[in-house]
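Inside the fold
Below, each chain spelled out in residue letters.
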Amino acid sequence: MSGAGTKADKAAALRAGKKDDVVIRIKGLVNGFGTKIIHDHIDLDVKRGEVLGVVGGSGSGKSVLLRSIVGLNRPLSGSIKVFGQETVGLAPDEMRGLQLHWGVLFQEGALFSSMTVAQNIQVPMRRWTNMSQSLMDELAAMKLSLVGLPEDAARKFPSELSGGMKKRAGLARALSLDPELLFLDEPTAGLDPISAAQFDQLVGDLQKSLGLTVFMVTHDIDTLRATTDRIAVLVNKKIKVGTIKELLQDKDPWIHEYFAGPRGRAALGG
Amino acid sequence: MVKNFRVTLPVDNPASAKLEKAQGRARLVCVGDWTVSELTDLDEQLSDLDLKGARDLEIDATGITSLDSGGAWLLLRTKRAADKAGAKATLNLPDKYHPLLETMDSGHTAPPVTHPPHTGLRGLLERTGEGTVLALRQGYDLLGFLGRVAVETVEAALAPRRELPWAAFIHQIEETGLTALPIVGLLAFLLGIVITYQGADQLARFGAQIYTIDFLGIGFLRELGGLVTAIIIAGRSGSAFTAQIGTMQVNEELDAMQTIGLNIAETLVLPRVLGLIVALPILTLFADIVGIIGGMVMTYFDLGVTIPAFMRELGNAITVKTLMVGLIKAPVFAFMIALVGCFEGMRVERNAASVGKLTTRSVVESIFLIIAADAGFSVLFSVLGI
């Protein structure tokens, strides 16, 4: 798209892109810090309506990949198209229009600590719409019940919430504008197995009823089994994508250890 | 009505809801993209609906081309409102949106969220009351903390087997005393100049410029030197105490110390309190000397008083008692600064805003206490005739 494209052109292109079957298209992405290369020309397509899990060892650049897509990290080279719109080289505040269509859940929830949970959920609404306060209050209550938080959580401040409740509140904020694309950064890390399983269920349910595309960074092999359609493994600076079955056949030692190691076998029932 | 739309992305099919009424039957025809960009408009259209006299309401949403949870909520809300008003409402929806609506209908019965009150008389009263109770509790807790530190101090002193944190104590003297010398010295010097200049100006009207030196000596040694030093240290070290201990609190270091069996008052509070009690009087003495030098420089240039003459006049004006009256207050100030600094640090909660808030509060509280104590000393000294 040329820089001269008008706002209307951009909007039209974005709408056309949103109909596309590939929501995120990454081509030849290179990321690195200093002389250390983290991603070496990786390609990845995320399809509409799928739940993609991203796994990899510590320091393999899972979060960096997520941050590159949403514009918090500037790649060295390569192309990332979200809904058909190139995001590489744009500052986060230049991604207007895209931000309306995605929601990001950060690892610790990243709730604004000076606001109540309800106010947190309403931040995106205030930024992007001019809904009346009463409508926002109704919608916030609805989002809270969608993510399974009790009514009285609305008036609480993040410091008064447990870790699991913070994640749910963070998810409610990420879902505030009904995005089509949801990014989750280690959604179940730090949760007990029961809460983690509930969270998996919740993501699955929301994904089905809202038709979301989910990009999920996780370490949790139970989560992968329960929710994802495909899995992208970051290994040796490259990426390998497949279903769990396909990846179980993979010859790479790390991938083999991950899925066929003791924990993997236990979780996959193999 | 002119509107300031912030959602700039137009949808493919603008959404609308039209009501058709005929003989007690009402039909609400919903078409278009019922998504977030259209919610504001839809909300207004639906709020204006007049359902009076309708026994049946059919919400015909089969023409909806796109639906998200916000749009689904509006449909659900309309249906529930009609049900409540006594009309029998039915909702027809394309099949693919049934799961979404079911999820929401089963889970969501909650009324709109409420916010803590911010405005109005009631909110003001509520906050005033809350603030008052908080301030009283704060004072009560501070007293409790004082007692705890006192008990721990006595225990530490009476149990010589235990290793006293000497290294930390020396470190605190260096941190709060030695490194503060440049800033305290500079400010005391400047203050000496200012006081002398103003004093000389006023006293010149009576031809009594020479008493500038008495004014400077007594004023600086008795009051200003100690007060200014204490205020600088409250801002410099009191805030540092709160931030250090507060960050440790956020990081769960204090909890870790307790599980290991380290005594927090002894390891963290005592070295700071004792260190500052040693450091602040020395700093005050230093400020007194540098302030007098500042005044001396000013009298030399402004009034032409030579250094020996200055010294003679100063010697007539002040005694050791003048100096001691100023210095005796310093350990009390130091105790209050360190105690409040540590106390607020330990009250930090586990969130980012808390450290900053309590650091500010620590400085404000210790400066308040310093000035209040100084006033108390003035009354005491005048009663004692010192």
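Residues numbered from 1 in each chain as written. Chains lettered and ligands numbered in written order. Predicted model: local features only at pLDDT ≥ 70, side-chain atom pairs only at ≥ 80, totals over all residues. Heavy atoms only, no water.

**Here we look at the domain arrangement of chain B**
Looking at chain B, the domain boundaries give domain 1 (16–107) and domain 2 (140–384). For domain 1 of chain B versus domain 2 of chain B, the separation of C-alpha centres amounts to 69 Å. (Domains from an automatic or database assignment.)

**Let's talk about the sheet that holds strand β1 (residues 22–33) of chain A**
Residue and element names in this part refer to chain A. Taken in spatial order, the four strands make up an open sheet running β2-β1-β4-β5, and their pairing is antiparallel. Only two strands of the sheet have a single partner each, and these edge strands are β2 (36–47) and β5 (85–86). Relative to β2, β1 is paired through eight bridges, and the arrangement is antiparallel. Within β2, the residue paired with V22 across the bridge is K47. (Pairing = 2+ DSSP bridges. Helix = DSSP H or I, 4+ residues; strand = E, 2+ residues; numbered from the N terminus.)

**With respect to the environment of V54 of chain A**
Tracing the sequence through the fold places V54 of chain A in strand β3 (residues 51–56). In this structure the C-alpha to C-alpha distance between V54 of chain A and L210 of chain A, which are 156 residues apart in sequence, comes to 21 Å.

**Brief notes about the pattern of salt bridges**
All names here are of chain A. This model, assessed by the stated rule, comprises 15 salt bridges over all chains. In this structure, R230 engages E50 in a salt bridge whose closest nitrogen and oxygen atoms are separated by 2.8 Å. In this pair, R230 is assigned in strand β9 (residues 230–235) and E50 in the loop between β2 and β3, connecting sequence segments 180 residues apart. With respect to burial, R230 and E50 carry one shared label: buried. One salt bridge in this structure joins K240 and D250, with 3.4 Å as the shortest N-O distance. Of the two residues, K240 is situated in strand β10 (residues 238–242) and D250 in the loop between α8 (244–248) and α9 (253–260); the sequence distance between them amounts to 10 residues. On the basis of relative accessible area, K240 is assigned to the partly exposed category, the value being 33%. (Salt bridge = Lys/Arg side-chain N within 4 Å of Asp/Glu carboxyl O. Buried < 20%, exposed > 50% of the residue type's maximum accessible area, 1.4 Å probe, protein only.)

**Here's the deal with unusual backbone geometry**
Of note in the backbone geometry, E186 of chain A takes a positive phi value of approximately 45 degrees without being a glycine. Its location among the elements puts E186 of chain A in the loop between β7 (181–185) and α6 (193–210).

**Some remarks on the pairing of β3 of chain A**
Residue and element names in this part refer to chain A. With six of six residues buried, β3 lies mostly within the body of the structure. Bridging between β3 and strand β8 (residues 213–217) involves four bridges; their strand directions are parallel. Residue pairing for β8: G53 is matched across the bridge by M216. As judged from the five bridges shared by β3 and β9, these two strands associate in the parallel manner.

**Focus: the sheet that holds β7 of chain A**
Backbone hydrogen bonds are what pair the strands of a sheet, in a parallel or an antiparallel way. All names here are of chain A. Read from one edge of the open sheet, six strands run β6-β7-β8-β3-β9-β10, paired in mixed fashion. Both edges of this open sheet fall to β6 (102–105) and β10, since each of them pairs with a single strand only. Between one strand and the next, the sheet's axes are offset by a mean angle of 15 degrees, whatever the strand orientation. In this sheet, β7 lies alongside β6 in parallel orientation, the contact comprising four bridges. Across the sheet, L105 pairs through a bridge with L184, a residue of β7. In the packing of α9 onto the sheet, the strands contacted are β3, β9 and β10, and the crossing angle to β9 comes to about 130 degrees. (Axes fitted to C-alpha atoms, helices over the stretch in contact; angles between N-to-C directions. Contact = heavy atoms within 4.5 Å.)

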